[in-house]
Amino acid sequence: MAARERTLTTSSGASIVQAAVKKHVLILGAGFAGLELATRLSNSLANEVRVTLIDQSDSFSFGFSKLDILLGRKATADVLLPYRDISKDGVEFRQERVTSIDPELRRVTTDRSSYDADVLAIALGADYDFDATPGFVEGGFEFYSVAGAERMRDALPDFEAGSILIGILGHPFKCPPAPFEGAILLHDHLVGRGIREAAEIRVIGPMAAPVPIAKEVSQSILDALHQRAIEYVPNQRVSELDTRRREARLAAGGSVPYDLFVGIPVHRVPEVVESSGLAVDGWVPVDHTNLATRYPGVYALGDVAGAPVAKAGVFAEAAAAVVADDIAARLHDGVLQRPYEGEGSCYIEFGGGLVGKIEANFLGGPAPTARLVGPSRELAAEKEAFASTRRERWFGS
């Protein structure tokens, strides 16, 4: 894949050095993975590659900003970062919807054009399958999307008493601490309104513990829930909502009543990825060391990939760094020096201005590890700095 200069000889015998044609790197998806990969390639390989970055949306938002919208701490316009602000050497952003992917040919079709790539990086994330849980669309709320957070924000003032049930409807799902973080922040919201004693908050999910890979981290989260009279019901999955009776039916049998149902929707690969044949058992299988798929020159990184790591932005960002290094190594006929370890940190709010940080490593040792740092006000400031540095790095703002 190395791009080299060529020396041509004219009819008169003169030699002309012809610059190498830049390799075309096509990145599908402009989330954490796509933005970080485009930025790294621009910073290190702008003279050797040209990057096309495609996303169907016109802006990016951090996952945790949905909670800011839900709780009225920020307006939607204040958390959206427009892609038109991207100004990176060698990077062109196009707002288009991907309609087909041919991984063998590395050919992509969108609703506006078609592209052939030397390197194809699929970072389209995970879609929400709201219809996978009957009754959820009609009778439930969610804060995993901007529209969902806005809708739930507008509905919260009407809740004055009763049972709030937060159901994790499938696994894996993005931002594993978020359901528990949401429960804690809803507790604070109800306390602030003076109606907490009139409400019950319960989280129900298919996992045995909030963070299955780390017993101590899970216990810390369970303790925080217990201190706020929030119950976690493990090893149970809501399979359907009976909106007439306001009951959440469980896959194992039985039901749980609710007055306000908040769901973490079932996640799945985007339809265009599934129809391409890339997905196996729900996600795109990759080499864990460099995120390469079984198709030459094709990578899958971030939430769309089947790597055994949490689906969260920091892990997608770390994956992008490795993919950028692997592309550079292949361009220069080298080998990847630093394999992907699935290492990263997730922030979790504990209310009252306190933030904790879960530091995890999924692939760097014999078994996944995780630990909880904090919570503290210092980590709240660190979380703000985390967002600020990414805004500056990716958007220059």
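Summarised in this report is the structure supplied together with it. Within each chain, residue numbers correspond to sequence positions counted from 1 in written order. Where totals are concerned, whole chains, interfaces and linings use all residues; where local detail is concerned, this predicted model gives features only for residues with pLDDT of at least 70, and gives and counts side-chain atom pairs only at 80 or more. Where side-chain values are given, they derive from all heavy atoms of the structure, hydrogens and water being excluded.

1. Some words on the overall build of the protein chain
For the protein chain, the count of helices and strands is 10 helices and 24 strands. Throughout, the radius of gyration refers to the C-alpha atoms, and the reference size of a globule is 2.2 Å times the residue count to the power 0.38. Computed over the C-alpha atoms, the radius of gyration of the protein chain is 23 Å, within 12% of the 21 Å expected from 2.2 N^0.38 for a compact globule of 397 residues. Expressed along its principal axes, the backbone C-alpha trace of the protein chain runs to roughly 90 × 45 × 40 Å. In the protein chain, buried positions account for 50% of the 397 residues. For the purposes of this entry, the term helix denotes a DSSP run of H or I that reaches at least four residues, the term strand denotes a run of E that reaches at least two, and both are numbered from the N terminus. Burial here depends on accessible area, computed with a 1.4 Å probe over protein chains only, as a share of the maximum for the residue type. Under 20% is buried, over 50% is exposed, and the range in between is partly exposed.

2. Topic: the packing of helix 6 (residues 178-193) against helix 7 (residues 215-227)
Think of each axis as a best-fit line through the C-alpha atoms, taken over the contacting stretch in the case of a helix, with angles from 0 to 180 degrees between the N-to-C directions. Where helix 6 meets helix 7, the closest approach of the two axes is 10 Å, and the angle between their N-to-C directions is 25°. On the basis of the axis angle, helix 6 is roughly parallel to helix 7. As for how helix 6 packs across helix 7, the hand of that crossing is left-handed. Between helix 6 and helix 7, the contacting residues are Phe 180, Ala 183 and Ile 184 on the first element and Ile 221, Ala 224 and Leu 225 on the second. Split into classes, the residues belonging to the contact of helix 6 with helix 7 amount to 6 nonpolar, no polar and no charged. Roughly parallel refers to an angle under 35 degrees, roughly antiparallel to one over 145, roughly perpendicular to one between 65 and 115, and oblique to any angle outside these ranges. Note on convention: near helix rotated counterclockwise from far helix by under a right angle means a left-handed crossing. Clockwise means right-handed. Any two residues having at least one pair of non-hydrogen atoms within 4.5 Å are treated as being in contact. Asp, Glu, Lys and Arg are counted as charged, while Ala, Val, Leu, Ile, Met, Phe, Trp, Tyr, Cys and Pro are counted as nonpolar; the rest, among them Gly, fall into the polar class.

3. A few points about the packing of aromatic side chains
Ring pairs shown here join Phe, Tyr and Trp side chains whose ring centres sit within 6.5 Å, with only the six-membered ring taken for Trp; geometry is labelled stacked below 30 degrees between planes, edge-to-face above 60, and tilted in between. All told, the structure shown has 19 aromatic pairs when counted by the stated rule. Taken together, a centroid distance of 6.3 Å and an interplanar angle of 25° make the contact between Tyr 83 and Phe 395 stacked. Of the two residues, Tyr 83 is situated in the loop between strand 6 (81-82) and strand 7 (91-95) and Phe 395 in helix 10 (residues 377-395); the sequence distance between them amounts to 312 residues. The burial state of Tyr 83 is the same as that of Phe 395; both residues are buried. With a centroid separation of 5.8 Å and 65° between ring planes, the pair formed by Tyr 347 and Phe 386 is classed as edge-to-face. Of this pair, Tyr 347 sits in strand 22 (residues 343-351) while Phe 386 sits in helix 10, and the two are 39 residues apart along the sequence. Each member of the pair, Tyr 347 as well as Phe 386, is classed as buried.

4. Side note on empty space enclosed by the protein
Buriedness for pockets is judged along seven lines, at least five of which must meet protein on both sides within 12 Å for an open set on the 1 Å grid over protein atoms alone, while cavities are sets there where a 1.4 Å probe fits but cannot get out, and lining residues have an atom within 4 Å of a point. Grid points are joined across faces, edges and corners, and a volume is the space filled by probe spheres set on the points. Scanning the model with the defined rule gives 1 cavity of 30 Å³ or more in all. Size it by volume and the largest cavity reaches roughly 90 Å³. Residue lining of the largest cavity: 13 residues in total, with Gly 302, Asp 303, Val 309, Ala 310 and Tyr 340 positioned closest to the centre.

5. Focus on the sheet that holds strand 15 (residues 230-233)
For two strands to pair, DSSP has to find at least two bridges joining them. Across the sheet, 4 strands lie side by side as 15-14-13-19; this open sheet has parallel pairing. The open sheet has two edge strands, strand 15 and strand 19 (260-264), and neither has a second partner. Strand-to-strand twist in this sheet, taken as the mean axis angle between neighbours without regard to direction, amounts to 20°. As defined by bridge partners, strand 13 (residues 162-168) adjoins strand 14 (residues 199-204) across 6 bridges and the pair is classed as parallel. Following the sheet pairing, Ile 164 is matched in strand 14 by Ile 201.

6. Focus: unusual backbone geometry
Cis geometry is adopted by the peptide bond preceding Pro 172, which originates at His 171 and carries an omega value of 5°. Here Pro 172 is to be found in the loop between strand 13 and helix 6. Residues Gly 374 and Pro 375 are joined by a peptide bond in cis, for which omega reads 15°. Within the element layout of this structure, Pro 375 appears in strand 24 (residues 369-376). Although it is not a glycine, Arg 246 adopts a positive phi angle of roughly 55°.

7. So, the pattern of salt bridges
The term salt bridge refers to a pairing of a side-chain nitrogen on Lys or Arg with a carboxyl oxygen on Asp or Glu at a separation within 4 Å. Enumeration over the complete set of coordinates arrives at 20 salt bridges. Here the residues in one salt-bridge network are Asp 68, Arg 73, Glu 349 and Lys 383, joined through shared partners.

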